[in-house]
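For reference, the chains in residue letters:
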2 protein chains.
Amino acid sequence: MRLMMLEDQSLIMGALASLLALEPDIEVVCQCSSLAKAKAAWPQQVDLILADIELGDGTALDFAQWLQQQGVVVPMVLLSTFARPGYLARAKALNLGGYLLKDMPAEQLAQQLRLVLSGQQCFARPLQSLMQPNNPLSERERQVLILAEQGKSTQQIALSIHRSPGWVRNCLSSAIQKMQANNRIEAALRARDAGFL
Amino acid sequence: MRLMMLEDQSLIMGALASLLALEPDIEVVCQCSSLAKAKAAWPQQVDLILADIELGDGTALDFAQWLQQQGVVVPMVLLSTFARPGYLARAKALNLGGYLLKDMPAEQLAQQLRLVLSGQQCFARPLQSLMQPNNPLSERERQVLILAEQGKSTQQIALSIHRSPGWVRNCLSSAIQKMQANNRIEAALRARDAGFL
DNA sequence: TGGCACTAGTGAGCATTGTCACTCTTGGTA
DNA sequence: TACCAAGAGTGACAATGCTCACTAGTGCCA
């Protein structure tokens, strides 16, 4: 199995590669530390992609979406420290191969990758319970919360997305209520915690 | 070198162990996934401890302190995703062997461990800039910014730290100016980026 | 054609936030 | 003792943020 790895922490990437190198049927052919490098490295002759979700310049989910837009069909297994419903929902929507958590036993990783390569889907057990709750935020609210999270004012957000300040106000107000928060910052934090951003 | 590992994410622990197993002079003799297990596993015949700082039930710094109270003298190397001045200060105070970041090159890990075993101290380069007291924020401003970052209101912050809302307002205003920001969120972001929080 | 749902935007009113000038206390210290 | 500096707190004011009720435009469809 030719494997591509995507992970922004070099030490972890190296360690995982060394773990997988123990398997006779797995060959790590490409290691990328960022979304940009992964895109630049394409096209690749790989059978499977193992990717940490959170990269410095984006997420592995963005990369999966980009690949699908390019018409590329390669199974991808996500890896993350966190079980976030938002990530899970996007992974499901993109029909990815799996979503594993970093607290899984190391011995099982290779076997899970083989299962995905054979066509099965592998989702970590703690994620099973998160299957239902989906993102209550609209795409607009998501965008606006991300900008608010960066400390931008209503004015600045309005300019950024070419909307009136009033619209931004209402949009934020709605997001705050949906996240049951008291202000935009708390709303953004809760949304990010839940993986909705 | 007999090595003890402390890391709460099994996959990462297994991967790191597999990476270090490639070194002929390193033998991983003990793997613990929590502070409680590490304490229970003691006494150990080990030459060096490699520990992730943040464990589920405490920190590796707590373990180092506990060991010193037991009169145990074993060098410890901390590992973390984050370069936090608070951790660094405690690591220095406890005179630990090193503090490495997970974005370091995997090939260098073993060599760094050997250096620490030989008596040297190894602190990741990004931590060097946190060494000097160039932090413009007072300890109060730091505390208040951390609470503001969590979306807390002036009122809530005042209650948390037992100060008047007016004082919190002034303190935040001062922090905002020092960080050359436009509001508390931007100030907190800049401060965190600079490693001041 | 009228009704309906959805999206964009406005305005009023109130709360919170940020700035600034000020007072009061406390602990040195000349 | 008198003075000074630092820290804590207040009050006033403007800017910004949040909520809510509202209008207007658009597309759908029976």
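Each remark here, short or long, concerns the structure printed above.
### Brief notes about the packing of aromatic side chains
All told, the structure shown has 4 aromatic pairs over all chains when counted by the stated rule. On the basis of an interplanar angle of 80° and a centroid distance of 6.1 Å, the ring pair of W42 of chain B and F63 of chain B is categorised as edge-to-face. You can see W42 of chain B sitting in the loop between α2 (35-41) and β3 (48-52) and its partner F63 of chain B sitting in helix α3 (residues 60-69), a full 21 residues away along the chain. Between the aromatic rings of F63 of chain B and W66 of chain B, the centroid separation amounts to 5.9 Å while the plane-to-plane angle is 15°, which identifies the pairing as stacked. Residue F63 of chain B and its partner W66 of chain B are both found in helix α3; the two are separated by 3 residues, about one turn of the helix. Relative accessible area serves as the criterion here: at 19%, W66 of chain B is assigned to the buried category. Ring-pair connections join several aromatic residues into one group, and the members of that group are W42, F63 and W66 of chain A. Positioned above the aromatic ring of F82 of chain A, the side-chain terminus of R84 of chain A is 4.4 Å from the ring centre. For K92 of chain B, the ring lying beneath its charged end belongs to F123 of chain B, and the centroid distance is 4.1 Å.

### Brief notes about the interface of chain A and chain B
Across the boundary between the two partners, chain A contributes 27 residues, which contact 28 residues of chain B. Interface of chain A and chain B: buried area, both sides summed, is about 2200 Å²; carbon and sulfur atoms make up 66% of it. On inspection of chain A and its partner chain B, the count reaches 0 salt bridges. Along the contact surface separating chain A from chain B lie 13 residue pairs in polar contact (both at pLDDT 80 or more). Counting only elements with at least two residues in the side of chain A that touches chain B, the list comes to α1 (10-20), α7 (139-149) and α10 (184-193) of chain A. Looking at side-chain class alone, the side of chain A that touches chain B contains 14 nonpolar, 8 polar and 5 charged residues.

### Things to note about the pattern of salt bridges
Residue and element names in this part refer to chain B. Within this structure, the stated rule accounts for 20 salt bridges over all chains. Here D47 and R2 are joined by a salt bridge, their closest N and O atoms 3.0 Å apart. Linking D47 in the loop between α2 and β3 with R2 in strand β1 (residues 2-6), this pair joins segments that are 45 residues apart in sequence. Since its relative accessible area comes to 24%, D47 is described here as partly exposed. Residue E141 pairs with K178 through a salt bridge whose shortest N-O separation is 2.9 Å. Placement of the pair is E141 in helix α7 (residues 139-149) and K178 in helix α9 (residues 165-178), with a sequence separation of 37 residues. According to the relative accessible area criterion, E141 is buried, its value standing at 6%.

### What to know about the pairing of strand β3 (residues 48-52) of chain A
All names here are of chain A. In terms of residue burial, β3 counts as a mostly covered element, since 5 of its 5 residues are buried. Where burial is concerned, the two faces of β3 agree: the one with L48, L50 and D52 and the one with I49 and A51 are both buried. Summarising the sheet, strand β1 (residues 2-6) and β3 pair through 4 bridges and their orientation is parallel. Residue L6 lies in a different strand from β3, and its bridge partner there is A51.

### Observations concerning the protein's contact with DNA strand C
Surrounding DNA strand C, one finds 16 residues, the nearest of these being R169 and N170 of chain A together with T154, S173 and R184 of chain B. Sugar plus phosphate, as a fraction of atoms of DNA strand C within 4 Å of the protein: 60%. Contacts to DNA strand C include W167 of chain A, whose side-chain N or O atom sits 3.2 Å from a phosphate oxygen. Of all the secondary-structure elements, those providing two or more residues to the surface near DNA strand C are α9 (165-178) of chain A together with α9 of chain B. The element that contributes the greatest number of residues to the surface near DNA strand C is α9 of chain B, accounting for 5 residues. In terms of residue class, the surface near DNA strand C is built from 2 nonpolar, 9 polar and 5 charged.

### Side note on unusual backbone geometry
At Q180 of chain A, a position not held by glycine, the phi torsion is positive, near 50°. Positive phi, normally seen in glycine, also occurs at H162 of chain B, with a value near 55°. Following the sequence through the fold, H162 of chain B ends up in the loop between α8 (154-161) and α9. Residue class for H162 of chain B comes out exposed when judged on its relative accessible area of 67%.

### Some thoughts on the nonpolar core
Where a protein is soluble and globular, its nonpolar side chains tend to be buried together. Of all hydrophobic cores here, the largest spans 48 residues; its most connected members are L16, L109 and L113 of chain A together with L16, L20, L109 and L113 of chain B. Once residues lying within four places of it in the same chain are set aside, the contact partners of L16 of chain A are M5, L79 and L109 of chain A together with L11 and A15 of chain B.

### Focus: the sheet that holds strand β7 (residues 98-101) of chain A
All names here are of chain A. Spatial ordering of the open sheet is given by β2-β1-β3-β6-β7-β8, a layout of 6 strands whose pairing is parallel. On the outer flanks of this sheet lie β2 (27-32) and β8 (122-123), each paired with one strand and no other. Where strand β6 (residues 76-80) and β7 come together, 4 bridges link them in parallel fashion. Bridge pairing in β7 links V77 to G98.

### Examining the pairing of β1 of chain A
Residues and elements named next belong to chain A. With respect to burial, β1 is a largely interior element, 4 of its 5 residues being buried. Where β1 and β2 come together, 5 bridges link them in parallel fashion. Bridge pairing in β2 places R2 opposite E27. This β-α-β element, β1 to α1 to β2, shows right-handed connectivity.

Cut-offs and rules
- Residues numbered from 1 in each chain as written.
- Chains lettered and ligands numbered in written order.
- Predicted model: local features only at pLDDT ≥ 70, side-chain atom pairs only at ≥ 80, totals over all residues.
- Heavy atoms only, no water.
- Phe/Tyr/Trp six-rings, centres within 6.5 Å; stacked < 30°, edge-to-face > 60°.
- Helix = DSSP H or I, 4+ residues; strand = E, 2+ residues; numbered from the N terminus.
- Buried < 20%, exposed > 50% of the residue type's maximum accessible area, 1.4 Å probe, protein only.
- Lys NZ or Arg CZ within 6 Å of the ring centre and 35° of its normal.
- Contact = heavy atoms within 4.5 Å.
- Buried area = accessible area lost by both parts, 1.4 Å probe.
- Salt bridge = Lys/Arg side-chain N within 4 Å of Asp/Glu carboxyl O.
- Polar contact = N/O pair within 3.5 Å; in protein donor to acceptor, adjacent residues only side chain to side chain.
- Nonpolar A, V, L, I, M, F, W, Y, C, P; charged D, E, K, R; others polar.
- Pairing = 2+ DSSP bridges.
- Near = heavy atom within 4 Å.
- Core = buried A, V, L, I, M, F, W, Y, C linked by side-chain atoms within 4.5 Å.
- Right-handed = clockwise from strand over helix to strand, strands pointing away.

Geometric values such as these leave the question of function open.
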